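Observations on the three-dimensional arrangement
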Amino acid sequence: MRKPAVPLPPPPPGRAHEYVPRTPDPALDDTELALARAALTQGRRQPVRALLARTGADWDRRAHRTAVLALEPCAVARAHEWLLAEPGSADAAVLLALAQVRRTLRGKEDAAVARAACRSAAALAPADPTPWLGMLQLERDGGAEAVRIFEEVRTRHRDHHHAHHLMVARLAERRADGGPDPLHEVYDFAAWAAEQAPADCPLAILPVVAHAERYRVLAAHGFAPTDPAASGHWRDGRARGVMKAAFDWWLEWEHDDHPRHLIDLNFLAHAKVLEGRGAEAAALFHRIGRHATPEPWSYPDRDPHQAFHTARAAVLGLRAG
C-alpha cells in the first residue's frame, strides 16, 4: 500500500540555537546497535551475540550492524575471542571478516588475510551476503572482479543497499581522467538499479548517489570546482530530473525503518541544498535531525561536520552551535 504524501513542514517560527554533534555516528539512529557496540568495547560479547541473532536474515540491517561493529579497534580481538569460545559461529566469523577488511582499508592488514576471513565466513553462512560485502569493500575499482563479487551479493539479496552504494562509488572512478561525461556508466548503473528494484525500494535514491560520487571524482581530478556550490553539477536539466524523481519517491514511499535510510536522506538533502531547493531541503533536514553522514558532505575534501552544519543552519534558520 502506498504511503500518503508527506507535507513539507512550515519554516521554524524563529531563529534558534542548536547543538550538532561534532562527529557523525555510523550507528545512525540504531540505539540497539550503539548499546551493543559499547558492550563490545568493554569486552562483553553477549549483547553483540544477541543483537546479531535478533537481526537474523534482515540482510541490510545485518550488514549495517556488522559493519559498524567492525569499525571498533577492538573488533578483531573480540571476534577472535568469540570464535574461540564458540567455534563455528557464523556471527563471530562475519564480524571478524569485516573487522579484518577495515584493518586492511586502514593499511594495517594484508588484503589476503581479510579475503581469507571473508571466505571462511561465507562458508559458515552460505546464504549471507555480508561476507561478500566485505570482499566488495576490498575492490578498489568497478572492474570484472568487483562485478563478480557484486553478483554474489545480489544472488543472496537482490536489492542490497550497501553493495549498490559501493558499486556506484567504484564505478564513478572509471575513466577518472576523461572529464565530465553525461553518458558515464555510473549513471546507467544507478538508473538500472533504481528501475529494476521494487517500487518501494530505497534504491530509488541511487541516481542521486551516483551524481554525488561522480562529482567527487571530477573535483578530485580538477574537472570541477572543489566548492560543490560553485560547480553547477546539481543544476543542469539531467540533474534536476534525477533529484525530482528521488524526492518524489521519498514523499510517497519514505522508509524510516530501513537501517540506512539516513544515508539516503543525507545524499538527498545535500543535493537539494546544491540545487537551491530550500523548502525541500528543510523537509529532509527535519527528518535527518542530528544524524549527519560523512558522505556526501565531505565531498570532495571538506569537513563533513562543518558542511552539514552550515547547510542545515542556513536552511532551517539556526545559529551555529
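Look up a bit, the structure's there.
These notes cover the structure that comes with them.

A closer look at the overall build of the protein
Regarding its fold elements, the protein presents 16 helices and 2 strands. What you see for the protein is a C-alpha radius of gyration of 20 Å, in line with the 20 Å of a compact globule of 321 residues. Dimensions along the principal axes, computed over C-alpha positions, put the protein at roughly 55 × 45 × 40 Å. Out of the 321 residues belonging to the protein, those deemed buried represent 51%. Surface exposure of the protein reaches about 14,100 Å², of which carbon and sulfur atoms provide 55%. One way to put it: in the protein the 41 positive side-chain charges average out to a point 4 Å from where the 41 negative ones average out.

Remarks on the pattern of salt bridges
Following the criterion strictly, the structure yields 28 salt bridges and no others. Between Asp-58 and Arg-61 there is a salt bridge, with the nearest N and O atoms lying 3.0 Å from each other. Each of Arg-240, Lys-272, Glu-275, Arg-277 and Glu-280 takes part in salt bridges that share partners, so that together they form one network.

What about the environment of Leu-69?
Position of Leu-69 relative to the elements: it lies in helix α3 (residues 59-70). Leu-69 gets classed as buried once you look at its relative accessible area, which sits at 0%. It is 9.5 Å that separates the C-alpha atoms of Leu-69 and Thr-41, two residues lying 28 residues apart in sequence. Other than its neighbours up to four places away in sequence, Leu-69 contacts Leu-33, Ala-36, Arg-37, Leu-40, Val-48, Ala-75 and Leu-95.

Focus: empty space enclosed by the protein
Counted according to the given criterion, the structure contains 1 cavity of 30 Å³ or more. Here the largest cavity defines a volume of roughly 70 Å³. Every residue along the wall of the largest cavity is listed here: Pro-202, Ile-205, Trp-249, Trp-250, Glu-254, His-255, His-258, His-261, Asp-264 and Leu-265. Elements supplying a minimum of two residues to the lining of the largest cavity: α12 (237-253) and α13 (261-275). Its residues placed into classes, the lining of the largest cavity shows 5 nonpolar, 3 polar and 2 charged.

What counts as what
- Residues numbered from 1 in each chain as written.
- Predicted model: local features only at pLDDT ≥ 70, side-chain atom pairs only at ≥ 80, totals over all residues.
- Heavy atoms only, no water.
- Helix = DSSP H or I, 4+ residues; strand = E, 2+ residues; numbered from the N terminus.
- Rg over C-alpha atoms; globule rule 2.2 N^0.38 Å.
- Buried < 20%, exposed > 50% of the residue type's maximum accessible area, 1.4 Å probe, protein only.
- Areas by Shrake-Rupley, 256 points an atom, 1.4 Å probe, with all protein chains shown as cover.
- Lys, Arg positive; Asp, Glu negative; His and termini not counted.
- Charge placed at Lys NZ, Arg CZ, Asp CG, Glu CD.
- Salt bridge = Lys/Arg side-chain N within 4 Å of Asp/Glu carboxyl O.
- Contact = heavy atoms within 4.5 Å.
- 1 Å grid on protein atoms, 1.4 Å probe; cavity = no way out; pocket = protein on both sides within 12 Å on 5 of 7 lines; lining within 4 Å.
- Points joined across faces, edges and corners; volume = space filled by probe spheres on them.
- Nonpolar A, V, L, I, M, F, W, Y, C, P; charged D, E, K, R; others polar.

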